Amino acid sequence: MTPDDPKPAHSARALFGLRLAALTVISLGGIILTQVSQIGTGAGFIVVGPRIFPTVVGVGFVVLGLLFLLRTTVLLDRDLVAEVTTEEATTEWSTTILALLSLVAYASLLHPLGYTLATALFFPVAGRILGSSRLRRDIIIGLALGFAIYLIFTRVLGVRLPAGLLTGIL
Amino acid sequence: MDVLTNLLHGFASALTPQYLLLAALGVTLGTAIGVLPGIGPALTVALLLPLTYNFDPTGALIMFAGIYYGGMYGGSTTSILLNTPGESASVATTFEGFAMAKSGRGGAALATAAVGSFVAGTISTLLLTFVAPVVARLALLFQPADYFSLTVLAFMSVTALVGKSLLRGMISLFIGLFIGLIGIDVLTGQPRLTFGMTELLDGIDVVVVAVGLFAVGEALYVASQMRHTKEEILPVNTSVWMNRDEWRRSWPAWLRGTLLGFPFGALPAGGAEIPTFLSYTTEKRLSKNKEEWGHGAIEGVAGPEAANNAAFSGVLVPLLTLGLPTSATAAILLVAFQIYNLQPGPLLFQKSPELIWALIASLYIGNVMLLVLNLPLIRIWIKILAIPRSVLYAGILVFGTLGVYSLSNSFVDVMIMYAIGVLGFIMRRYGFPVGPTILGVILLPMAEAQFRRALSISQGDPSVFFTRPLSLGLLVAAAGALLLPYIPVLIARLRRKPVDAGRVVFGEGQED
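Residues numbered from 1 in each chain as written. Chains lettered and ligands numbered in written order. Predicted model: local features only at pLDDT ≥ 70, side-chain atom pairs only at ≥ 80, totals over all residues.

A.B. asks: How should unusual backbone geometry be read in this particular structure?
C.D. replies: Most peptide bonds are trans, and most residues other than glycine sit at a negative phi. Residues and elements named next belong to chain B. Located in the positive-phi region is Leu193, a residue other than glycine, with phi close to 50 degrees. Structurally, Leu193 is set in the loop between strand S2 (191-192) and helix H9 (206-224). Although it is not a glycine, Phe195 sits at a positive phi angle of roughly 50 degrees. Mapped onto the fold, Phe195 is located in the loop between S2 and H9. For Phe195, a count of 10 C-beta atoms within 10 Å corresponds to the exposed category. (Helix = DSSP H or I, 4+ residues; strand = E, 2+ residues; numbered from the N terminus. Buried ≥ 20, exposed ≤ 12 C-beta atoms within 10 Å, placed from the backbone.)

The following block contains the structure:
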């Protein structure tokens, strides 16, 4: 048995994840329905107000979420559980979370550092997280991408991008 | 001969050097990006959208048509050599295509895909040329109630026919409807579901949703499965061409694929997914060499690839004539139209005929260019496949962020896009199809506006949806789409036979 074969722990986590998904869908429906009361109905005579569709969607979420909860508990969808269990066994959460954090950092640095520097920094970091071991190559690609995109977009295509620290230099 | 005159005018403007260049650029860029594993035509168009902000509308749309064709063709190369479909519509190609490449016949598989795409593209553009003006005239008869029922049909057919579970498809659709509702209500000016965030007042752009679900969601998924994906690129040692026998076997498959692809693309049922799978099963059933299937039967590549290309022209019918996008790519194309303040629909044919016909003419031209470019350049495209996954996905994240950031230089937009990316990742992890979500986001505004308009006209009488024959017919078709997958089970039950398969499934529902 290799370490990647699904174990009971994986199957338990798959079930937990699916039930959590069902509960999230139900509570999202609840949130939508509480928000509906805050939607103003607008002035004047309107046959169908702005609340109807949000209400339908909110109720839909609750009903579908409850049905999905049934499929993960009493009327268990075994195929789905087996599928998710296999994936659970091969999932590396740490990489996923690191990738997401690097993205958030990238977006927050776009304005203060400028597009070019933020991209030059993000590319090797993301490459590393996604499994690259050639740091020097990635740094070069990152720099090249940052400069090329910035120059092409601002000079040729007329799309605004922040210059950040390099204001006046680029 | 109204159509022919218009078409000739279209050719006259599409054949100017500037537009020819844009078409060539579009086809080349589209192929280059489409070849990248995991990137389908929808994402290709979304990522390249900022490139065209400075062009005139005709030029931009011509380029997009080229990008789309190129993206589709590039995707088939990836499916055949890497067994990684960039979108659900090329899943059917991987079965026999990858098998052919493994047995050393990758060259023939690539050739039948390229020539088949050309044949299907040309025939289906011809069909589009003659069908679209007729539908545009019919579309003038559509009233709000009919439009609403049409969106219901689109929702139901995509949700019910695609993906493994109707329930998960419906949840996915409702997620899309929810995202579509966020923002100011157009009719009353009331903010809805914005949770007090002023950035959400304008709603969430389709590009933000598409890039989030497809680019970021996919990259996070790849990150999560990183240790377990093995890359295997199959070399192409033979020439990229077919022998006489392969030609003989490809022809009928191309034609049947085209005939399946165009009408299914034109129906509001989600584009190329269903016809490619139908083509695959049809070819398998008709084949005289059944023992070859699974080991590389050329019909299994020729048919689905032709269907895939033909479906694109089909999808353009409802998009151009009714303003109804039925696939993710069509939705992004609609965004491209809207950037230039053009609203596709019956009136577009009357208001901007020169644009429509230049676009249709450029489809013919793009097709020829694709064939001329792709067969000789195929070895360069194959080199792109060798880009390591880490570099590739880091690059996709850079371009995805760029695509959204360049819309309005907004940090919040980018954050929303990442959040939708996380949503896409979770959906993929737990087996929810993302196709219905995109469709929900795109079609919700139209569905709601037409629903409310219909009821205003009827002064609140909901029977208007059932008394107009057209609307009733569309709603009946929607109900039929919901029931269709269960019919084989019902028949089996009635005959008291053991039920082996649950419901019939068309495709995986991972359109991207």
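Back to the write-up after that little detour.
A.B. asks: Could you clarify how one ought to interpret helix H3 (residues 41-48) of chain B in this entry?
C.D. replies: Within an α-helix, residues lying three or four positions from one another point in the same direction, as the helix has 3.6 residues per turn. Residue and element names in this part refer to chain B. Burial runs high along H3: eight of the eight residues are buried. Of the positions making up H3, those classed as buried are Pro41, Ala42, Leu43, Thr44, Val45, Ala46, Leu47 and Leu48. Each element contacted by the buried residues of H3 is listed here: helix H2 (17-35), helix H4 (57-82), H9, helix H13 (328-339) and helix H16 (389-408). (Contact = placed C-beta atoms within 7 Å.)

A.B. asks: Before we go on, may I ask you to explain the confidence of the model for chain A in this structure?
C.D. replies: Parts of the prediction with low pLDDT should not have their coordinates interpreted in detail. Summarising the model, chain A shows a mean pLDDT of 88, and 94% of its residues fall at 70 or more. Mean pLDDT per element in chain A: helix H3 (residues 78-90) of chain A is the minimum at 85, and helix H5 (residues 115-129) of chain A is the maximum at 95. (pLDDT = per-residue confidence, 0-100.)

A.B. asks: Sorry if this is basic, but what is going on with the domain arrangement of chain A here?
C.D. replies: On domain assignment, one finds that chain A holds domain 1 (8-90) and domain 2 (93-166). If you average the C-alpha positions of domain 1 of chain A and of domain 2 of chain A, the two centres end up 36 Å apart. (Domains from an automatic or database assignment.)

A.B. asks: Sorry, what's going on with H16 of chain B here?
C.D. replies: Look at H16 of chain B: 30 Å from first C-alpha to last across 20 residues, which is about the 28 Å you get at 1.5 Å a residue. Among the 20 residues that make up H16 of chain B, 16 are buried, leaving the element largely enclosed by the rest of the structure. (Expected span 1.5 Å × (residues − 1).)

A.B. asks: Explanation requested: the interface of chain B and chain A in the structure shown.
C.D. replies: Where interface size is given, it is often the accessible area lost as the parts come together that is meant. Contacts between the two partners involve 54 residues from chain B, matched on the other side by 60 residues from chain A. Secondary-structure elements contributing two or more residues to the side of chain B that touches chain A are helix H8 (166-181), H9, H16, helix H17 (411-429) and helix H18 (435-457) of chain B. By residue number, the principal contributor to the side of chain B that touches chain A is H16 of chain B, which donates 11 residues. Its residues assigned to classes, the side of chain B that touches chain A shows 32 nonpolar, 15 polar and seven charged. (Nonpolar A, V, L, I, M, F, W, Y, C, P; charged D, E, K, R; others polar.)

A.B. asks: Can you help me understand the packing of H5 of chain A against H16 of chain B in this one?
C.D. replies: Two packed helices can be described by the angle between their axes and the distance between those axes. Put simply, H5 of chain A and H16 of chain B touch, their axes get as near as 8 Å, and they point 140 degrees apart. When the interaxial angle is binned, H5 of chain A and H16 of chain B end up oblique. Handedness of the crossing formed by H5 of chain A with H16 of chain B: right-handed. Facing H5 of chain A, whose interface residues are Thr119, Phe122, Phe123, Ala126 and Gly127 of chain A, H16 of chain B presents Ser390, Val391, Ala394, Leu397 and Val398 of chain B. Counted by class, the contact of H5 of chain A with H16 of chain B contains seven nonpolar, three polar and no charged residues. (Axes fitted to C-alpha atoms, helices over the stretch in contact; angles between N-to-C directions. Parallel < 35°, antiparallel > 145°, perpendicular 65-115°, else oblique. Left-handed = near helix turned anticlockwise from the far one by under 90°.)

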